[in-house]
Amino acid sequence: MKMARRVENLPPYPFVEIINKINEKRAKGEEVITFAVGDPDIPTPPHIIERLCQAAQDPANHRYPEAASLPELRQAIAEWYIKRFDVSLDADIEVLPLIGAKEGIFHIAMCFIDPGDIALVPEPGYPVYPVSTMMAGGTPYYMPLIRENNLLPDLDIIPEDIANKAKFMWLNYPNNPTGAVAGLDFFNKAVKFAKQHNLSICHDAPYTEVAYDGYRPVSFLQADGAREVGVEFHSLSKSYNMTGWRIGMTVGNAEIVGALNTVKSNVDSGIPQAIQYAAIEALTGPQDCIQHHNNIYQRRRDLVVDMLRSIGLEAEPPKASLYVWAKIPAGYTSVEFANDLLEQVGVVVTPGTGFGKRGEGYVRLSLTLPDAALVKGLSRLAEWRDTRNKFKSKR
Ligand SMILES: Cc1ncc(COP(=O)(O)O)c(C=O)c1O
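In this text, all values refer to a predicted model and were calculated from it rather than measured experimentally. (Residues numbered from 1 in each chain as written. Predicted model: local features only at pLDDT ≥ 70, side-chain atom pairs only at ≥ 80, totals over all residues. Heavy atoms only, no water.)

Asker: Tell me about the packing of aromatic side chains, residues and numbers included.
Answerer: Under the definition given, this model contains 17 aromatic pairs. Geometrically, the ring pair formed by Phe112 and Phe168 is stacked, given 4.5 Å between the ring centres and 20° between the ring planes. Here Phe112, found in helix 5 (residues 101–112), pairs with Phe168, found in strand 5 (residues 166–172); they are 56 residues apart in sequence, far enough to count as distant. Neither residue differs from the other here; Phe112 and Phe168 are each classed as buried. Taking the centre distance of 5.7 Å and the plane angle of 80° together, the rings of Phe187 and Phe220 count as edge-to-face. Here Phe187, found in helix 8 (residues 184–197), pairs with Phe220, found in the loop between strand 6 (200–204) and helix 9 (226–229); they are 33 residues apart in sequence, far enough to count as distant. The same class applies to Phe187 and to Phe220, which are both buried. (Phe/Tyr/Trp six-rings, centres within 6.5 Å; stacked < 30°, edge-to-face > 60°. Helix = DSSP H or I, 4+ residues; strand = E, 2+ residues; numbered from the N terminus. Buried < 20%, exposed > 50% of the residue type's maximum accessible area, 1.4 Å probe, protein only.)

What follows is the structure, encoded as C-alpha cells:
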C-alpha cells in the first residue's frame, strides 16, 4: 500500500502507546494502576445526562445537526463567557462549537498553515499543536517552557526572523502537562508580541475551571486587544466531566472563527444535537459540581505530591489543571523511569518526552483515577521506594 508521507512520518499519539502497554499487562491478568491519561473518573453530573437522554428521545435530534450548531448553544457559550470572565462575545460570529477542543485544535492549522509556514508551539506541550502543523505542511518552532521562566515561553528569545515568519502561536494555560498558570500580564505581553510580528494567537484553555486553593484562572480574551489577534479554545470535557461526549468550542476573533467554520463545514456535519442540548444544560445549569470536583482533585493532588516527594521526585502542587509534573531522580530517562514503575509495581505514569523532547527528565501524573485506585497506586509507589532503598543499602 502506498500511504502518504504525512502519515508514515507521524509519530504514534503518545497515549496510544501507553494504552497499548496497559492493555498488554491487563491481558496477562496483571492489575495496573494508571495515572496516565487526563480523563475524569467522576461521572458527568446527573442533570446534564438527564437533558441528554431527553434530547435523544426527540426525533428532531436524530437528523443531521444544523450546519454551524444550534444558535441556543452559541448563545449559552457567549453567556457563560460573560458570567465567568466578563468577556462579551457575538454569538453569531465569534463563537463556534467543536466536536471536542482537540478537533478544532487540529483543524485550525488548516486555516493558518501553508506548506513551509511556521507555527510557534510550546515544549513540553500538548502533542496536537506540532502534529497538526506538520500535517498541514508546516514546521513547528518550539518555545521552551522552563521553571526559571515560570513555565511560560520567553517571547524575547524567539529570533526576529522566526517571529516575523510565524503565522501563529499556541499557548495553553492552565498548562498540560506542567500544571503552570499564566496571568493577564503574560497574555498582554503575548498580544503585543503578536501585533508586533503580525501573527495570530490560539490559546488553548480547557482547564480554566479545574483550579485549587481558591485560584481563578483568567481567559486570554481578557487581555487588551486579544480579540484582534486571536481565539481561545475551550472544552466541556474537564469542566463538566464530559470527555466522552466530545464537545468544546472556539471563541474570539471573528475572522479566525469564520475560517475554522469554513474548514469544518467541509469536514464534519456538526455535533450530534442531543449532545449540544446537554452542553447548554452544562453551561447554564447549576455550577456547584465544579467546586465539588475540584475539592476531590485538590485532595488527590496533595496526596500525590507528598508521595512523589517521599520517593525522591521534585514536584510542586499545581494551582490548576489535572496534572502533577514531577522531576525524576537522576540516573533515569523519563521513559526508563516510567517503564521501571510499570514493570516493578504496575503503576503507569506518562513520560515527559510524550510532550516533546524538553519533557525529558519529567513524568506527568493525572489526578483522574478513582480514590480507591489512587490509594492503591500510592501504596505501590511506597513499595517501589522501599524496594529501591533496600537495594541501595545492600550495595
Ligand atoms: C491542553 C489540552 N487541550 C485540548 C484537549 C482536548 O480536549 P477535548 O476533550 O475537548 O478534545 C486536552 C485533553 O486532554 C488538553 O489537555
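Once you've had a look at it, read on.
Asker: Kindly report on the nonpolar core, identifying the contributing residues and their values.
Answerer: Tyr81, Leu120, Met169, Phe187, Leu236 and Tyr240 are the most contacted members of the largest nonpolar core, which has 62 residues in total. With eight residues, the top contributor of residues to this core is helix 11 (residues 273–284). In contact with Tyr240, not counting residues within four places along its chain, are Thr44, Pro45, Ile48, Trp80, Ala282, Leu283, Gln287, Cys289 and Ile290. Grouped together as the second largest cluster of nonpolar side chains are 35 residues, Val210, Ala338, Val347 and Leu365 included. (Core = buried A, V, L, I, M, F, W, Y, C linked by side-chain atoms within 4.5 Å. Contact = heavy atoms within 4.5 Å.)

Asker: Can you break down the packing of helix 4 (residues 71–85) against helix 11 residue by residue, with the values?
Answerer: Viewed as axis vectors pointing N to C, helix 4 and helix 11 meet at an angle of 20°, and their least axial separation amounts to 9 Å. As judged from the angle between their axes, helix 4 and helix 11 are roughly parallel. Viewed along their axes, helix 4 and helix 11 form a crossing whose handedness is left-handed. Contacts from Glu72, Leu73, Ala76, Ile77, Trp80 and Lys83 in helix 4 reach Gln276, Tyr277, Ala279, Ile280, Leu283 and Thr284 in helix 11. Residues belonging to the contact of helix 4 with helix 11 are distributed by class as follows: eight nonpolar, two polar and two charged. (Axes fitted to C-alpha atoms, helices over the stretch in contact; angles between N-to-C directions. Parallel < 35°, antiparallel > 145°, perpendicular 65-115°, else oblique. Left-handed = near helix turned anticlockwise from the far one by under 90°. Nonpolar A, V, L, I, M, F, W, Y, C, P; charged D, E, K, R; others polar.)

Asker: Now, about unusual backbone geometry: what can you tell me, with residues and values included?
Answerer: Along the chain, Tyr173 connects to Pro174 via a cis peptide bond; the corresponding omega equals -10°. Here Pro174 shows up in the loop between strand 5 and helix 8. In this model, Asn176 is joined to Pro177 through a cis peptide bond whose omega is 15°. The residue Asp86 is not glycine, and still its phi comes out positive at about 60°. Note on placement: Asp86 falls in the loop between helix 4 and strand 2 (95–98).

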